[in-house]
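Remarks on the overall topology
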Amino acid sequence: MTTISRRLRSAAVALAVAVPMLASAGVGDALAEKVLRIVPHADLKNLDPIWTTAYITRNHGYMVYDTLFASDENLDVHPQMVDTFKVSGDGKTYTFTLRDGLKWHDGAMVKAEDCVASIKRWGKRDGMGQKLMDFTAEMKVVDDKTFQIILNEPYGLVIESLGKISSNVPFMMPKRLADLDAFKAVPEVVGSGPFIFKKDEWVPGSKVVYVKNNDYKPRSEPASAASGGKVVKVDRVEWLYIPDPATAMNALVNGEVDLWETPAPDMLPLLKANADIKAAVIDPLGTQGWLRMNHLHPPFNNPKARQAVLWAVNQEEYLQAIIGDPTLYKACAAYFICGTPNETQIGTEALKAVNLDKAKQLLKEAGYKGEKIILMQPTDIPVLNGASLVTAQMLRSIGMDVEVQAMDWSTLTSRRAEKKAPADGGWNVFHTYSTGADVQSPVANIGISGGGVEKAWFGWPTDDVTEKLRDDYAREADPAEKKAIVEKLQTRLFDHLVPYVNYGQWFQPVVWRSNLSGVLVSPVPFFWNIDIK
Amino acid sequence: MYAYIAKRTLAVIPVMLVVALVVFLLLHLTPGDPAAVIAGDYARPEDIVRIRKQLGLDEPLYIQFSTWLWSVLRGDLGVSIFSNMPVSKLIGQRLEPTLALSVSTILFSVLIAVPMGVWAAWRSGTWVDRSIMVFAVLGFSVPVFVIGYVLIYVFSLKFGWFPVQGYKAIGDGFLPFLRSIALPTIALGVVYVALIARISRASMLEVLNEDYIRTARAKGQVERKVMMRHALKNAAVPIITIIGIGIALLIGGVVVTESVFNIPGLGRLTIDAVLRRDYPIIQGVILVFSAAYVIVNLLIDISYSFLDPRIRY
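1. Details of the domain arrangement of chain B
Residue and element names in this part refer to chain B. When cut into domains, chain B gives domain 1 (2-73) and domain 2 (98-312). Averaged C-alpha coordinates put domain 1 and domain 2 at centres separated by 33 Å. The interface is formed by 22 residues belonging to domain 1 together with 14 residues belonging to domain 2. Taking both partners together, domain 1 and domain 2 bury about 1600 Å²; carbon and sulfur atoms supply 76% of that area. On the domain 1 side of the contact with domain 2, Arg8, Met16 and Leu27 bury the most area, a combined 31% of that side's loss. Scanning the region where domain 1 abuts domain 2 turns up zero salt bridges. Viewed at the interface, domain 2 and domain 1 are joined by zero residue pairs in polar contact (both at pLDDT 80 or more). At the level of secondary structure, the elements contributing two or more residues to the side of domain 1 that touches domain 2 comprise helix 1 (2-29), helix 2 (34-39) and helix 4 (61-73). Counting residues per element, the side of domain 1 that touches domain 2 draws most heavily on helix 1, at 13 residues. Residues belonging to the side of domain 1 that touches domain 2 are distributed by class as follows: 16 nonpolar, four polar and two charged.

2. A closer look at the packing of helix 5 (residues 87-122) of chain B against helix 11 (residues 266-276) of chain B
Residues and elements named next belong to chain B. Two elements in contact, helix 5 and helix 11, have axes separated by 7 Å at closest approach and are oriented at 135°. In terms of orientation, helix 5 lies oblique with respect to helix 11. On the side of helix 5, the interface is formed by Leu90, Ile91, Arg94, Leu95 and Thr98, while helix 11 contributes Leu266, Gly267, Arg268 and Leu269. Grouping the amino acids of the contact of helix 5 with helix 11 by side-chain chemistry returns five nonpolar, two polar and two charged.

3. A look at a nonpolar patch on the surface
The grouping of B:Leu95, B:Leu99, B:Val103, B:Leu107, B:Leu111 and B:Ile112 at the surface amounts to a nonpolar patch, some 540 Å² of accessible area in total. Relative to the helices and strands, B:Leu99 resides in helix 5.

4. A look at the confidence of the model for chain B
Do not read the fine detail of predicted coordinates wherever pLDDT is low. All names here are of chain B. Across chain B, the average pLDDT comes to 88, with 99% of residues at or above 70. No element of chain B has a lower mean pLDDT than helix 2, which averages 78, and none a higher one than helix 7 (residues 144-158), which averages 95. As a predicted assembly, this complex carries a pTM of 0.85 together with an ipTM value of 0.79.

5. Digging into the packing of aromatic side chains
Residue and element names in this part refer to chain A. According to the stated counting rule, one finds 36 aromatic pairs over all chains in the structure shown. With a centroid separation of 5.6 Å and an interplanar angle of 85°, the aromatic rings of Trp290 and Trp457 are classed as edge-to-face. Note that Trp290 is positioned in strand 13 (residues 287-293) and Trp457 in the loop between helix 16 (452-455) and helix 17 (464-475), a separation of 167 residues in sequence. Classification of Trp290 by relative accessible area gives buried; the value is 1%.

6. Brief notes about the nonpolar core
Core analysis: the biggest nonpolar cluster contains 247 residues, and A:Leu68, A:Phe96, A:Phe147, A:Tyr210, A:Leu291 and A:Leu395 have the highest contact counts within it. In terms of residue count, helix 8 (residues 174-208) of chain B provides more of this core than any other element does, 15 residues in total. Excluding its chain neighbours within four sequence positions, the residues that come into contact with A:Phe96 are A:Phe69, A:Val82, A:Thr84, A:Phe85, A:Lys145, A:Thr146, A:Phe147, A:Ile149, A:Val158, A:Ile159 and A:Leu162.

7. So, empty space enclosed by the protein
Summed over the entire model, instances satisfying the criterion amount to two cavities of 30 Å³ or more. Here the largest cavity is characterised by a volume of approximately 50 Å³. What lines the largest cavity is simply A:Gly101, A:Leu102, A:Lys103, A:Ser192, A:Asn213, A:Asp215, A:Tyr216 and A:Lys217. Residue composition of the lining of the largest cavity, by class: two nonpolar, three polar and three charged. Inspection of the lining of the largest cavity shows a minimum of three residues originating in each of domain 1 (3-63 + 185-282 + 511-532) and domain 2 (71-169) of chain A. Estimates place the volume of the second largest cavity at around 40 Å³. If you trace the second largest cavity, you find it lined by B:Phe162, B:Pro163, B:Val164, B:Gln165, B:Gly166, B:Arg179, B:Ser180, B:Leu183, B:Pro184 and B:Phe261. Looking at the lining of the second largest cavity, its residues break down into six nonpolar, three polar and one charged.

8. Remarks on the state of the cysteines
Residues and elements named next belong to chain A. Applying the stated criterion across every chain, the model contains one disulfide over all chains. Here Cys332 is linked by a disulfide to Cys338, with a sulfur-sulfur distance of 2.1 Å. Disulfide Cys332 to Cys338: torsion about the S-S bond roughly 95°, handedness right-handed. Its relative accessible area of 2% is what places Cys332 among the buried residues.

9. Overview of the sheet that holds strand 7 (residues 146-151) of chain A
Residues and elements named next belong to chain A. Judged by pairing direction, the sheet is antiparallel, and its four strands sit side by side in the order 4-5-7-6 without closing on themselves. The open sheet terminates on both sides in strands that have one partner only, identified here as strand 4 (82-87) and strand 6 (136-143). On average, each strand axis in the sheet is inclined to that of its neighbour by 15°, with strand direction left out of account. Contacts between helix 3 (residues 112-125) and the sheet are confined to strand 5 (93-98), strand 6 and strand 7, with strand 6 contributing the most and set at about 160° to the helix. Helix 4 (residues 127-135) rests against strand 6 and strand 7 of the sheet, and its axis sits at about 90° to strand 6.

10. Things to note about the domain arrangement of chain A
Residue and element names in this part refer to chain A. When the domains of chain A are assigned, the result is domain 1 (3-63 + 185-282 + 511-532), domain 2 (71-169) and domain 3 (287-506). The centre of domain 1, based on its C-alpha atoms, is set 35 Å off from the matching centre of domain 3. Taken together, the contacts link six residues of domain 1 with seven residues of domain 3. For domain 1, the biggest contributors to the area lost against domain 3 are Tyr55, Pro265 and Pro523; these three give 65% of the whole. For Lys272, the salt bridge goes to Asp325, with nearest N and O atoms at 3.9 Å.

11. Points about the environment of B:Gly78
Residue and element names in this part refer to chain B. Mapped onto the elements, Gly78 comes out in the loop between helix 4 and helix 5. Separated by 203 residues in sequence, Gly78 and Ile281 place their C-alpha atoms 8.0 Å apart. With sequence-adjacent residues up to four places away left out, Gly78 is seen in contact with Pro86 and Val87.

12. Considering unusual backbone geometry
Of note, the bond from A:Ser167 into A:Asn168 is cis; its omega dihedral lies within 30 degrees of zero at -15°. Omega for the bond connecting A:Pro298 with A:Pro299 falls within 30 degrees of zero, at 0°, which places this linkage in the cis form. Positive phi, normally seen in glycine, also occurs at A:Trp460, with a value near 50°. Relative to the helices and strands, A:Trp460 resides in the loop between helix 16 and helix 17. You can call A:Trp460 buried: its relative accessible area is 0%. Of note, B:Asn84 is a non-glycine position whose phi angle comes to about 65°, a positive value. Here B:Asn84 shows up in the loop between helix 4 and helix 5.

Cut-offs and rules
Residues numbered from 1 in each chain as written. Chains lettered and ligands numbered in written order. Predicted model: local features only at pLDDT ≥ 70, side-chain atom pairs only at ≥ 80, totals over all residues. Heavy atoms only, no water. Domains from an automatic or database assignment. Contact = heavy atoms within 4.5 Å. Buried area = accessible area lost by both parts, 1.4 Å probe. Salt bridge = Lys/Arg side-chain N within 4 Å of Asp/Glu carboxyl O. Polar contact = N/O pair within 3.5 Å; in protein donor to acceptor, adjacent residues only side chain to side chain. Helix = DSSP H or I, 4+ residues; strand = E, 2+ residues; numbered from the N terminus. Nonpolar A, V, L, I, M, F, W, Y, C, P; charged D, E, K, R; others polar. Axes fitted to C-alpha atoms, helices over the stretch in contact; angles between N-to-C directions. Parallel < 35°, antiparallel > 145°, perpendicular 65-115°, else oblique. Patch = residues over 30% accessible without salt bridge, like charges linked within 9 Å, V, L, I, M, F, W, Y side chains within 5 Å. Areas by Shrake-Rupley, 256 points an atom, 1.4 Å probe, with all protein chains shown as cover. pLDDT = per-residue confidence, 0-100. Phe/Tyr/Trp six-rings, centres within 6.5 Å; stacked < 30°, edge-to-face > 60°. Buried < 20%, exposed > 50% of the residue type's maximum accessible area, 1.4 Å probe, protein only. Core = buried A, V, L, I, M, F, W, Y, C linked by side-chain atoms within 4.5 Å. 1 Å grid on protein atoms, 1.4 Å probe; cavity = no way out; pocket = protein on both sides within 12 Å on 5 of 7 lines; lining within 4 Å. Points joined across faces, edges and corners; volume = space filled by probe spheres on them. Disulfide = S-S within 2.5 Å. Pairing = 2+ DSSP bridges.

In structure tokens, the structure reads:
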């Protein structure tokens, strides 16, 4: 045997010994405590849920902060930090009393003055908060546990606003932080919620760590979405950001993570076939797609051109292209999304029927002269990328000259703020989506705002009638009257404003290992109530 | 020699300044707005304007550049627009995984590739030579992410020997560290093994035809000494050069490998920052990469004079 052969044999023997040794290293790690490992939908970059509307920061907010009121899985609002509340006979004074035993993570007691300061800060940033502040004459601290909101006139959405489930959620912070500029992120994370944020272990872009707050006093009611008892059954929760879907799937299959919030649709069949993995839709409202047109420039400054798009959109084509699995989507024309109390089919005929001749006729009546349509295509977000391509084809099929401009989402978010003409660096069309929790209310749904250049969301629809109906809805307390207003509003949206075209509703399943129990049904993923066997 | 080193070190300053200026301009002339990303998808336009102003992004470019450069000169790389954490701290958090992956890849590649190249040259024209060259062609042709996924499938999912993803610091124990770094090192290393083995073979073949090798053999020198002492030492300059180029190429490979194996290194930090337009992080990381590249090149240039006494500076 030659020297080289002998060395090769030695190396092979060394490798055979080393690999099992390496493989066994690390086994038994972290057995001492219960650690729930999550792959979240995005990386947590900002820590202040009032400063940003990003969903990942909202989810972080629910870990560390608590709310005065909270929505259950049917979106009914219940007291959370509040023990009792009463409304005066004239409907203008709301008096809230806090529960006993509420403590900040720094050990101080939660006081009424903290809550007043927190509501004020939230009221500067959130749409529903601003609306509430418009109706508020004064907020008064009565004693350490009691405060009042005194209104100028009765307002039907006080409790709904304080218990809104999605961004920006009115989270409570200590007064010393809540008094800071609402347009600057708070420098510390001090909440009173069920988990404590471990800033020293935070690695932006990789890992976020929370530990159980042993001082937290859960409510006695069973947990239901954001409401009820937030009973923490693990010692520690780790959010491990894994941007590559294949790696996230492999990590879940290999037991390195316990739950993956947003599995890619094409990986679901593989995951569902694995006996160790469970897949379920936990957000019953799902997500609504928006095809947003620019109302400032031709041709979509003309209502007939926008209606032409309504007649041309085929929701089924979009949903097939972006989701694929029919069990995970449904064609739903309602602006306030299907499955909510505000769902109505009034005025939806144009979106339900696909009539290209009618669309062409409307386009002609709108005076479309073959101008180039700039469609922004965000190639780094698969759902929006797919929807953009479907829209491009659809617009071409009704005779429009479409230029698809590929870009990343960051570029799109910058470009969509441009009010210039499309030929000068502006735009005509882009796509986005919104969760059902954010679109189900006429006040919370920013996409339908007709506030024009000053107040409306990008695309800047302008319609005073729409704005008045949204105000009427906010003032109204009677559910039947509210529903009547919603019907009028939706009719107006379809017949005139067309603020966006809804290209369908889909449902994102969450996948987790079968040794987990207690995953809550909710539009927002919550990590209390979950246990690991 | 010392004068050369001092001159090269001083030359780093204008290089870094040009890099800083080009990177700054490229970033700020690229469309995208961190304020819009911070505010979130449902923020109102006026909120974005306020955040932009609050971050100083509404200032003219020359003011933003001079403010940033002045901070850098004082050793302050700035603060992440998004997380509010100092860039130096973020780089510090990410440096170890990237450094560990880079060093292990280079070590793995050199330790495997140079003997392979020498062996192929020694057995030139035989099945050994051809097999090694087939491997080299494959190593060049198969992308890093494909090798990564295959390794994960076989060694993590099927055999369960290694974790699918993540990184364990050396401080957490050497064996857990080795487990976490083994597959990424092999995945990233294959292309460098191929590259270095080819160059080693070619360089050795050239040297093995020299008269002094024939002389060494003629005077009865054993073959191992002929190969190691006479041939390899003289073939080392091109090999060292290609290792240096390999280190520069590693920067790109590390980005892909860190994504596939979810290693929280500088590559991932850069990608995330680019997607969000977190300017201070991108500028800071590129400065660090540039400095590393310049220093590695300097070290390689200096090493030539140790390997080949004919080279003098």
